[in-house]
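Listed below are the residues making up each chain.
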Amino acid sequence: MALTVLPPFLASDVERITANITGGVIAIVLGVLALGWLAVFPTRTFLPVVVAGVATPVVISFHVMSTAEFICVLGPIFLAVYVRGFYPVGRARLLTAGLTVLTVVAMLISPAPEYLSAYIIVAILIPAAAESFGGLISSLLSAACTDPLTGLLNRAGWELQTAARLQSRRRPQQTALVALDIDDFKTVNDRLGHAAGDRRLVAVAHALREVFPAGIIARSGGDEFTVLIDAATAEHTAELSALLAGRLPDVSAGWAFTEEPDIDIRALGERADADLRVAKAQRMRRSSRPAHPTGPRLEYRAEASG
């Protein structure tokens, strides 16, 4: 399947070059399939990214002009930048390496003549663009979604991470949302200074990472934190609550649970906040006791505070 690059009235017989459009047709078919996948599974982008990474090298492998090859190399470069910017570093680098190899191999098997330097340039250019521009995008995105003091997610990061986590679930499961608040934090700031308050916030963030290693943790306010937990069985929740009470006795917690397949994270957060207010009210009534409840209102809460 071939077409002339230049029409007869613009080129002599010597200048007419034929271009094989088979690669373009294959790429279009792959693109349509990828779009169909996204229409059905809009949050599962890994497969369409892989398809995009295959499509451009396929086009390159059928090119008969070096100029056209170099124009097509822009596709893998932009894809590598995107992958490095929005995917985890390890997976992004693996995809970039595969994309680079496919592109160079496509250039090797294409009919277009190339100097050795062209292959070397492409092999360096794709990963270099990914690490420079894609790495910059990743750093900016991370900074925009991270609380600078504690290193936890901020509100923007919380919304992105929870949405991605919930949309990637394959089957419904019980999910728990925990709202936490440091008791009398204002007193710490007033009596000991803001530097002491900052140290307390960092210490709480560190403890939360240890208590909820698989959870999505965010600093949602000044002394407020939020955690999302998947597969939150009653036994697992009781275990986490007891561990939380032991590690952070001056932190009150409110819990909310749901098994709904379509979770409204804001509504779940409001329920957890309501439970937190109840927990803090109970804490105030029992202020004479050395320990106070920090978990969901189950039987073990009374045991922990008794």
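Quick notes on the rules
Residues numbered from 1 in each chain as written. Predicted model: local features only at pLDDT ≥ 70, side-chain atom pairs only at ≥ 80, totals over all residues. Heavy atoms only, no water. pLDDT = per-residue confidence, 0-100. Helix = DSSP H or I, 4+ residues; strand = E, 2+ residues; numbered from the N terminus. Contact = heavy atoms within 4.5 Å. Patch = residues over 30% accessible without salt bridge, like charges linked within 9 Å, V, L, I, M, F, W, Y side chains within 5 Å. Areas by Shrake-Rupley, 256 points an atom, 1.4 Å probe, with all protein chains shown as cover. Salt bridge = Lys/Arg side-chain N within 4 Å of Asp/Glu carboxyl O. Buried < 20%, exposed > 50% of the residue type's maximum accessible area, 1.4 Å probe, protein only. 1 Å grid on protein atoms, 1.4 Å probe; cavity = no way out; pocket = protein on both sides within 12 Å on 5 of 7 lines; lining within 4 Å. Points joined across faces, edges and corners; volume = space filled by probe spheres on them. Expected span 1.5 Å × (residues − 1). Arc of directions from axis to C-beta. Polar contact = N/O pair within 3.5 Å; in protein donor to acceptor, adjacent residues only side chain to side chain. Pairing = 2+ DSSP bridges. Axes fitted to C-alpha atoms, helices over the stretch in contact; angles between N-to-C directions.

**Re the confidence of the model for the protein chain**
Reasoning step 1: Mean pLDDT for the protein chain: 84, with 87% of residues reaching 70 or above.
Reasoning step 2: No element of the protein chain has a lower mean pLDDT than helix α12 (residues 299–305), at 34, and none a higher one than strand β4 (residues 216–219), at 95.
Reasoning step 3: Residue range residues 291–306 is modelled with pLDDT below 50. Its contacts to residues more than four positions away, or to other chains, number 43 contacts.

**Considerations on a nonpolar patch on the surface**
Reasoning step 1: A cluster of nonpolar side chains, namely F46, L47, V50, V54 and L102, defines an oily patch on the protein surface of about 360 Å² accessible area.
Reasoning step 2: With four residues, helix α2 (residues 46–61) is the single largest residue contributor to the nonpolar patch.
Reasoning step 3: Counting through the fold element by element, L102 comes out in helix α5 (residues 89–109).
Reasoning step 4: A relative accessible area of 39% places L102 in the partly exposed class.

**Looking at the layout of surface pockets**
Reasoning step 1: Taken as a whole, the largest pocket spans an internal volume of roughly 1100 Å³.
Reasoning step 2: Forming the boundary of the largest pocket are 25 residues, of which F86, Y87, P88, Q161 and A164 lie nearest the centre.
Reasoning step 3: Elements that contribute at least two residues to the lining of the largest pocket include exactly α4 (74–86), α6 (116–144) and α7 (155–167).
Reasoning step 4: When residues in the lining of the largest pocket are grouped by element, the largest group, seven residues, is from α7.

**With respect to α7**
Reasoning step 1: Compared with an ideal rise of 1.5 Å per residue, which puts 13 residues at 18 Å, α7 spans 18 Å between its outermost C-alpha atoms and is within 8% of the ideal.
Reasoning step 2: Restricting attention to buried positions, one finds in α7 the residues G157, W158, T162 and L166. When α7 is viewed along its axis, its buried side chains cluster within an angular range of 145° and face the same direction.
Reasoning step 3: Residues of α7 that are buried in the fold lie against β3 (175–182), β4, β5 (224–229) and α11 (265–285).
Reasoning step 4: Between a side-chain oxygen at the N-terminus of α7 and the backbone nitrogen of A156 the separation is 3.2 Å; the capping residue is N154.

**Some thoughts on the sheet that holds β5**
Reasoning step 1: A sheet is described by the order of its strands in space; here four strands give the open sequence β4-β5-β3-β6, paired in antiparallel fashion. Taken across any chain shown, the strands that pair with only one partner, and hence form the sheet edges, are β4 and β6 (251–258). Within this sheet the neighbouring strands show an average axis-to-axis angle of 15°, counted without direction.
Reasoning step 2: Note that β3 and β6 share eight bridges and pair antiparallel. Counted as the bridge partner of D181 is S252 from β6.
Reasoning step 3: α7 contacts β3, β4 and β5 of the sheet and is inclined by roughly 160° relative to β4.

**A word on the pattern of salt bridges**
When the charged atoms of two side chains with opposite charge come close together, those side chains can pair.
Reasoning step 1: On inspection of all chains with the given rule, the structure shows 10 salt bridges.
Reasoning step 2: Each of the salt bridges in this network shares a partner with another, and the network as a whole consists of R84, R93 and E131.

**Considering unusual backbone geometry**
Reasoning step 1: Positive phi is not limited to glycine here, since D184 has a value of about 55°.
Reasoning step 2: Structurally, the position occupied by D184 is in the loop between β3 and α8 (185–192).

**Describing the pairing of β4**
Reasoning step 1: Where burial is concerned, the two faces of β4 agree: the one with I216 and A218 and the one with I217 and R219 are both buried.
Reasoning step 2: Bridge analysis of β4 against β5 gives four bridges, and the strand direction is antiparallel. When the sheet's bridge partners are listed, A218 is paired in β5 with T226.
Reasoning step 3: Two successive antiparallel strands, β4 and β5, enclose a turn made up of four residues.

**Details of the pairing of β3**
Reasoning step 1: Counting buried positions along β3 gives eight out of eight residues, so the element sits mostly inside the fold.
Reasoning step 2: Judged by which residues are buried, β3 turns out to be covered on both faces: T175, L177, A179 and D181 on one side and A176, V178, L180 and I182 on the other are all buried.
Reasoning step 3: Relative to β5, β3 runs antiparallel, the two being bridged by six bridges. Counted as the bridge partner of D181 is E224 from β5.

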